[in-house]
Amino acid sequence: MKRTIALSINGKSHADEVEPRLLLIHYLREMASLTGPHIACETSTCGACTVMLDGKAVKSCTMFAVQADGRKILTIEGLATNGKLDPLQEAFWNEHGLQCGFCTPGMILTAKQLLNDNPNPTDEEIRKSIEGNLCRCTGYQHIVNAVKAAAAKAGA
Amino acid sequence: MATTTTKPETLFGKKIRRREDPRLLTGTATYLDDIKMPGMHHACVVRSPHAAARIKSLNVKPALARPGVTAVFTGADVKDLGPIPCGASLPGLRTPHHHILAQDRVYLVGHPVAVVVATDRYIAADAVDLIEVDYEVLPAVSDPEKALAPGAPAVHPQWPDNTAFTFHQEGGDITGAFAQAEVVVKQRITSQRLIPTSMETRGVVADWHAGDKSLTLWSSTQIPHLLRTLLAGILGMPENHLRVITPEVGGGFGSKLNVYAEEALMAFVSMRIGKPVKWVESRRENFLCTIHGRGHVDYFELAARRDGTMLGLRLKLIQDLGAYHQLLTPAIPTLSVLMMPGLYKFKNISADIVGVFTNCTPTDAYRGAGRPEATHGIERMVDILAAELKMDPAELRRKNFVGKDEFPFQTATGLAYDSGNYVLPLDTALAEIDYPALRREQQQARASGKLMGIGLSTYGEICAIGPSPATPAGGWESATVKIEPSGKITVMTGASPHGQGEETTFAQIVADELGVDIDDVVVVHGDTAIVQYGIGTFGSRGTAIGGTALYYALQELKGKVKKFGAMLLECDDVALAGGKCVDERSGKSVPFAQVAAASYRAMKLPPNTQPGLVATYFWEPPNFTFPFGAHVVITDVDRETGQVSIRRYVAVDDCGKIINPLIVAGQVHGGVAQGLGQALWEQAVYDENGQLLSGELTDYALPRAHMMPWIESSHTETPSPVNPLGVKGVGEAGTIGCSPAVVNSVVDALSHLGVRHIDMPLTPEKVWKLIQGGRA
């Protein structure tokens, strides 16, 4: 019944036996012992579970772990390099782009995808690109500021 | 109290990035669901699909037969525990016995009926589907006004009128006010049911230690100490055998200011199975089983003279309580009554509350808790009066404001407003938008068939909740400050921040008072085994009360530090600066770490002084604080679709002194987002059978990034005389100020079409119908 999957998470190889019905978010949290991707809706509406799959931001509550077999996953835990925060993490910190922090890992990875695709987004483009990620604390304004600041820093 | 710190640069008022953020930004913070323990079991709750039903039979055997299922517990197992407490007391209040699990009857959709415990969360969820419950469905009622009608289904059969309480409050001479009135405006105004929706749902981990009969319980809560006291009561356990820990908490907004069935249930389960157990609420459960907010139907009557002088306000308030009282359910509408005069100086009020049972989720404190409803009411009524008198709404407000020299101001509802200058934020906001030019633009827009509105709200709020006599469980807060032997500083606060950033603002206060580096300060909270008793974080009280307790603890501690410093420097008095004790006459100094070490080493002690450097302070506030402000919203309404667009949102808030402007801005933005959610989009919708139709995030319109306008936020600063920091609180300001400004703006846009009022949320359908000349 169980199937073996092998995948890379934050640059490290993992191989595990999983039930075919196991959601990717549960695999990441329960079996790979990650705490960055969060569960907040189970219906793909909130984006708290967002991770990057082969370089694209996806909602890991709406994928089975077996669908990630052979693929590369980046979670918020893997975003800093050698202890140095990613410019987006740094910008979210400087601009107060988070309060309770629960949506933050997903929000940052969605913004990462935006900046990969569009290094100089307008406010409007930032707001559109993160509309699939819910935040109940910030009213989004400081998040928009943070993404703009990170983009400006990358372009500088 | 003057500080003796001579450090040239203070951190009070500085934009300091938050010290709690690194763990949150890297995904390494420990929220409830991140807790894992050896042998930990998972629980799933079986819930009623019906709003009212008798449980005819319950068969748990098929679930128990599922491999991996450890236990199933039903109402019979927990009938002697509890009840789930209600802390509010009102004369004649009817309080239904609130069991942890349903006994023979269910009263709302989501009512917990049984709990399944398994080795794995998937197995627990599977087993829920194997429990067979035979229900006899009964008639339900979900609308509070229908619940009051004769012949309505009785939510609790013993109280066929569905009335939990009635409450009357009066101040001044209301009859005289209405007798003198030259004009009376009346309006029915609703504040719809809302779902608080913290991004992290609730969750509980319970771990029973049979050997010493003690229980450790982790809960995503705003009130760890109150939870411990009340849970000990529910479980019949000595309070000192129970330790409550709040891990990182992913938002609360009042919804985690409560004691819930699952907290007691998980404690019970862990005691029965002898293993740790975890329950994490699904979003569906969060919408059904965590408290809702608002749920008002208000009938207002405002009496005035033709010159605009407001004379008195009458309110009949129908509060939808839901099926049970949670911790503060019946108390919330009484806060609305306290706030009903707003910022205006009329002294005659009369309010009648009817608290109504419905077969719905209990309502309780959600961001603002009673005050947004009141503010929405008075600010709508002022605009309705302005329209009636053909007066400018800004001018009418100015005419009736409490003057800046009239503080402390005694209100007709028994409050003493601490300080204020109500004209200032209004005039600041109106200057910001160039109000006269906008009114001219509006005339031109109307002439060309366009719909444009300008809406004001000048709000006040009750913060720093609050003096103990005004609260059910004590309204003080506590702080302990320790200078460790190495000179590093640890703060333990009884507040329980969950996103508000007090690990940073409190460290700013410490750094300023002691003259030390902020990086030498650690702020600890949310563990009843470590932190002295505290009340918690809600009601915009964290900094105004918790910060003040910390301030006074620091004053005590400074006295002691100085005694040791003076002893070491062999002088009479020292100042604290730059991490040192300084003898200002000789210029000699001794580093802080050396003073701390000497205090613990205790080779020599100053006269009448104990070793060590620790101070604890429990601060009882003498009054609430009363922030205020003005929000101005410019809207454009699409005539063809009824869509409301916000062109500008200007917020000028006065929350007293500001410790960290970055954090205050974040609180304002987030508060406005929740106010705007209520004004335009959010609504908990029940059908007539008590089914929650907006039962998932897919069906509940939470504000998303592209829906939010840019918020132009600025401040005036009128210090509070209530506390030495001069702070008032800001957590709820945005929410309270927002909704009337938005609705006033849209009504203003449609006023020339004969529209006088619209109830929230202002959906395009509702607005479009009004434009067409119909009724909303």
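Conventions adopted
Residues numbered from 1 in each chain as written. Chains lettered and ligands numbered in written order. Predicted model: local features only at pLDDT ≥ 70, side-chain atom pairs only at ≥ 80, totals over all residues. Contact = placed C-beta atoms within 7 Å. Helix = DSSP H or I, 4+ residues; strand = E, 2+ residues; numbered from the N terminus. Nonpolar A, V, L, I, M, F, W, Y, C, P; charged D, E, K, R; others polar. Domains from an automatic or database assignment. Pairing = 2+ DSSP bridges. Axes fitted to C-alpha atoms, helices over the stretch in contact; angles between N-to-C directions. Buried ≥ 20, exposed ≤ 12 C-beta atoms within 10 Å, placed from the backbone. Core = buried A, V, L, I, M, F, W, Y, C linked by C-beta atoms within 7 Å. Parallel < 35°, antiparallel > 145°, perpendicular 65-115°, else oblique. Left-handed = near helix turned anticlockwise from the far one by under 90°.

Student: Hey, could you run me through the interface of chain A and chain B in this one?
Tutor: Frequently, the measure chosen for interface size is the accessible area that the parts lose on association. At the junction of the two partners, chain A supplies 41 residues and chain B supplies 42 residues. Looking at the side of chain A that touches chain B, the elements with two or more residues in it are helix 2 (87–94), helix 3 (104–117), helix 4 (123–129) and helix 5 (141–155) of chain A. Per element, the largest residue contribution to the side of chain A that touches chain B is four residues, and it comes from helix 2 of chain A. Its residues assigned to classes, the side of chain A that touches chain B comprises 20 nonpolar, 15 polar and six charged.

Student: Looking at this structure, I do not really get the domain arrangement of chain A. What am I missing?
Tutor: Residues and elements named next belong to chain A. Once the domains are mapped, chain A shows domain 1 (3–78) and domain 2 (87–155). One C-alpha centre belongs to domain 1, the other to domain 2; they are set 22 Å apart. Counting from both sides, the interface comprises 14 residues of domain 1 and, opposite them, twelve residues of domain 2. Among the secondary structure elements, those contributing two or more residues to the side of domain 1 that touches domain 2 are strand 3 (50–53) and strand 4 (56–59). Counting residues per element, the side of domain 1 that touches domain 2 draws most heavily on strand 3, at three residues. Here the residues of the side of domain 1 that touches domain 2 sort into nine nonpolar, four polar and one charged.

Student: Can you help me understand the sheet that holds strand 23 (residues 580–582) of chain B in this one?
Tutor: Residue and element names in this part refer to chain B. One open sheet accounts for three strands, arranged 22-23-24; its pairing is antiparallel. Of all strands in the sheet, those bounded by a partner on one side alone are strand 22 (575–577) and strand 24 (589–591). The sheet shows a mean angle of 25° between the axes of neighbouring strands, direction not considered. Bridging between strand 23 and strand 24 involves three bridges; their strand directions are antiparallel. Residue pairing in the sheet places Val582 in a bridge with Ser589 of strand 24. Its contacts with the sheet put helix 16 (residues 592–601) on strand 23 and strand 24, and the angle it makes with strand 24 is roughly 75°.

Student: Help me out: how do you make sense of the pairing of strand 9 (residues 203–209) of chain B in this one?
Tutor: Residue and element names in this part refer to chain B. Among the seven residues in strand 9, six count as buried, and that is most of the element. Strand direction decides the pairing type here: strand 9 and strand 12 (residues 277–280), joined by four bridges, are antiparallel. By the bridge assignment for strand 12, Gly203 is matched with Val280. Pairing of strand 9 with strand 10 (residues 214–219) involves six bridges; the strand directions are antiparallel.

Student: In this structure, what is going on with the nonpolar core? I would like to understand it.
Tutor: Among soluble globular proteins, nonpolar side chains are generally buried collectively. Residue and element names in this part refer to chain B. If you look at the biggest cluster of nonpolar residues, it comprises 296 residues, and the most contacted ones within it are Ala43, Val116 and Val510. Sorting elements by how many residues they give to this core places helix 15 (residues 542–569) first, with twelve residues. If we skip the residues at most four places from it in the chain, Val116 touches Ala43, Cys44, Val46, Ala63, Val69, Val72, Ala124, Ala127 and Val128.

Student: Can you walk me through the domain arrangement of chain B in this structure?
Tutor: Residue and element names in this part refer to chain B. Under the domain assignment, chain B is made up of domain 1 (21–29 + 476–619), domain 2 (37–138 + 201–249 + 256–289) and domain 3 (296–466 + 623–771). Look at where the C-alpha atoms of domain 1 and domain 3 centre, and you get two points 39 Å apart. Tallying the contact residues gives 15 residues for domain 1 and 19 residues for domain 3. Of all elements in the fold, only helix 14 (502–514) and helix 15 reach the threshold of two or more residues within the side of domain 1 that touches domain 3. Here the side of domain 1 that touches domain 3 gets six residues from one element, more than from any other, and that element is helix 15. Looking at the side of domain 1 that touches domain 3 residue by residue, the class counts come to four nonpolar, ten polar and one charged.

Student: In this structure, what is going on with the packing of helix 10 (residues 371–389) of chain B against helix 11 (residues 393–400) of chain B? I would like to understand it.
Tutor: The angle between the axes and the distance between the axes are what describe a pair of packed helices. All names here are of chain B. Between helix 10 and helix 11, the shortest axis-to-axis distance is 9 Å and the interhelical angle comes to 115°. It follows that helix 10 is roughly perpendicular to helix 11 by the angle criterion. For the pair helix 10 and helix 11, the sense of crossing is right-handed. Between helix 10, through Val382, Asp383, Leu385 and Ala386, and helix 11, the contact on the second element is made entirely by Pro393, Leu396 and Arg397.

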